[in-house]
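# A structural walkthrough
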Amino acid sequence: MKYMRPAAIIALPLLLSVVCSLQVQAESDSSLFGTEAERLVSRGLRHYNNQDYGAAFRCFRQAAETGDAYAQYNLGLCYHKGEGVEKNLREAKKWYRKAADQGYVYAQYCLAELRHRGEDGEKDVSEAMRWYHAAAVQGYEPAKEALRNLENEKELSQADDLVSKGKTFLDNQEYHDAVECFRIAAQMRNAQAMYYLGLCYEKGLGVDKNPLAAQTYYGDALALGYKDAEKAWERAFRKNEKKYRQILQYARQGDSRFYIYVGRMYRDGYGVERDAEKARYWLRKAAGKGDRDAQRELREMGDE
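Summarised in this report is the structure supplied together with it. (Residues numbered from 1 in each chain as written. Predicted model: local features only at pLDDT ≥ 70, side-chain atom pairs only at ≥ 80, totals over all residues. Heavy atoms only, no water.)

## Observations regarding the environment of K144
Rule in force here: Secondary structure elements follow DSSP: runs of H or I no shorter than four residues count as helices, runs of E no shorter than two count as strands, and numbering proceeds from the N terminus. Each residue is placed in one exposure class: buried if its accessible area under a 1.4 Å probe, protein chains only, is under 20% of its type's maximum, exposed if it is over 50%, and partly exposed if it falls in between.
Residue placement: K144 occurs in helix 8 (residues 141–171). Take K144: its relative accessible area is 30%, and that puts it in the partly exposed class. Taking the C-alpha atoms as reference points, K144 and H133, eleven residues apart in sequence, are found 7.3 Å from one another.

This is how it looks when you write it as structure tokens:
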């Protein structure tokens, strides 16, 4: 039996608030409860509203056993919160799944939350994503948000794995492979990867030595809160200080190779006062020459 009754947005762990919110509707529109299962659910909601949780649970249980998705969902809530019955997350999961299989969106979301959090000791992110997706397809906004968060978690985990592999390559002196791992993870905004990529550029490990690139990556790592990059950034800055004057001179003379570096100097305050407009000016000049890094950095500064 597929149908959608009015319900409040669920926000775990206050799951049973949805049951309370339904009670008023249940009493004001008795036409919704024409079948025996619906009458049982209506009675269960009234019992719940009167804080007679045991009676509410028995009504939901009887209705759920007829295959009513709405009752199965409410029964799952009772087991989840331990209202009218001893808390039992395995039972909650079972009844959520019965309702979810019938397309009941709130049950799909609650089941996804259980599987994602692993409250019953059986975390399953893949199954959680499946049920979040099922609820999201029906337009349920919390499920859409949960999916976005899971994708972010997945990317963070992948970046951490890449950093770990990169460090192993670094220890084994397989520098090119290390740089590739760090570069991909840095694109995922992993601060530790940025730090190690800076180290590779500073020491010439797997790449040509580039003190300016080293300082940029150290600075990016530091901006993301990676404190180990602070001394490295200061060390790189001291090495680069004389070069900044040369870079400005070359860029002003029209050497396009240095446009992006001047843009970064003004953006980050390397050797010059920070100046966002001057940074954009030089990055646009670099982007106009086809520099993709400059184009990306302009987008990150909000310049389309």
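## Details of the nonpolar core
Test applied: We define a nonpolar core as any set of buried Ala, Val, Leu, Ile, Met, Phe, Trp, Tyr and Cys residues linked to one another through side-chain atoms lying within 4.5 Å. Any two residues whose heavy atoms approach within 4.5 Å at even a single point are treated as in contact.
Ranked by internal contacts, the top residues of the largest apolar core, which has 52 residues, are F182, Y195 and Y218. If you list the elements that add at least two residues to this core, you get helix 8, helix 9 (175–187), helix 10 (191–203), helix 11 (211–223), helix 12 (229–252), helix 13 (259–268), helix 14 (276–288) and helix 15 (292–300). In this structure Y218 touches Y195, G198, L199, E202, A229, A232, W233, R235 and A236, once residues within four positions along its chain are discounted. L89, W131, A135 and L147 belong to the second-largest nonpolar core, a separate cluster that totals 43 residues.

## Points about helix 15
Rule in force here: Taken from the helix axis, the directions to the C-beta atoms give the arc we talk about.
The set of residues buried in helix 15 consists of A294, E297 and L298. Angularly, the buried residues of helix 15 cover 105 degrees about the axis, an arc narrow enough to put them on a single face. Opposite the packed face of helix 15, turned more than 90 degrees from it, sit the exposed residues R292 and E300. Where helix 15 is buried, its residues contact helix 13 and helix 14.

## Re unusual backbone geometry
Non-glycine residue Q173 carries a positive phi angle of around 60 degrees. Given the relative accessible area of 57%, Q173 is considered exposed. Even without a glycine there, the phi angle at R189 is positive, about 70 degrees. Relative to the helices and strands, R189 is located in the loop between helix 9 and helix 10. We classify R189 as partly exposed; its relative accessible area is 46%.

## As for empty space enclosed by the protein
Any empty space left between atoms is shown by rolling a water-sized probe over those atoms. Here is the rule: For cavity detection a 1 Å grid was placed over the protein atoms alone, and a set of points counts as a cavity when a 1.4 Å probe fits there but cannot get out; an open set counts as a pocket when protein lies on both sides within 12 Å along at least five of seven lines, with lining residues being those that have an atom within 4 Å of a point. Grid points are joined across faces, edges and corners, and a volume is the space filled by probe spheres set on the points. Amino acids are sorted into nonpolar (Ala, Val, Leu, Ile, Met, Phe, Trp, Tyr, Cys and Pro), charged (Asp, Glu, Lys and Arg) and polar (every other residue, Gly among them).
Using the criterion set out here, one finds one cavity of 30 Å³ or more in the structure. Here the largest cavity defines a volume of roughly 40 Å³. Around the largest cavity, the lining residues are L212, T216, Y244, Y261, R264, M265 and Y270. For the lining of the largest cavity, the secondary structure elements donating two or more residues are helix 11 and helix 13. If you tally residues by element for the lining of the largest cavity, the top one is helix 13, at three residues. When grouped by side-chain class, the residues that make up the lining of the largest cavity number five nonpolar, one polar and one charged.

## Regarding the pattern of salt bridges
Here is the rule: Any Lys or Arg side-chain nitrogen found within 4 Å of a carboxyl oxygen on Asp or Glu counts as a salt bridge.
Per the stated rule, a full pass over the model turns up 19 salt bridges. For the salt bridge of E127 with R115, the shortest nitrogen-to-oxygen distance reads 2.7 Å. A residue pair is termed long-range when its members are at least 10 positions apart, and E127 in helix 7 (residues 125–137) and R115 in helix 6 (residues 105–117) qualify at twelve residues. Here the two residues E127 and R115 agree in accessibility, since each one is buried. Look at E127 and you get buried, because its relative accessible area is 11%. Counted as one network, the salt bridges with shared partners bring together R264, R267, D268, D293, R296, E297 and E300.

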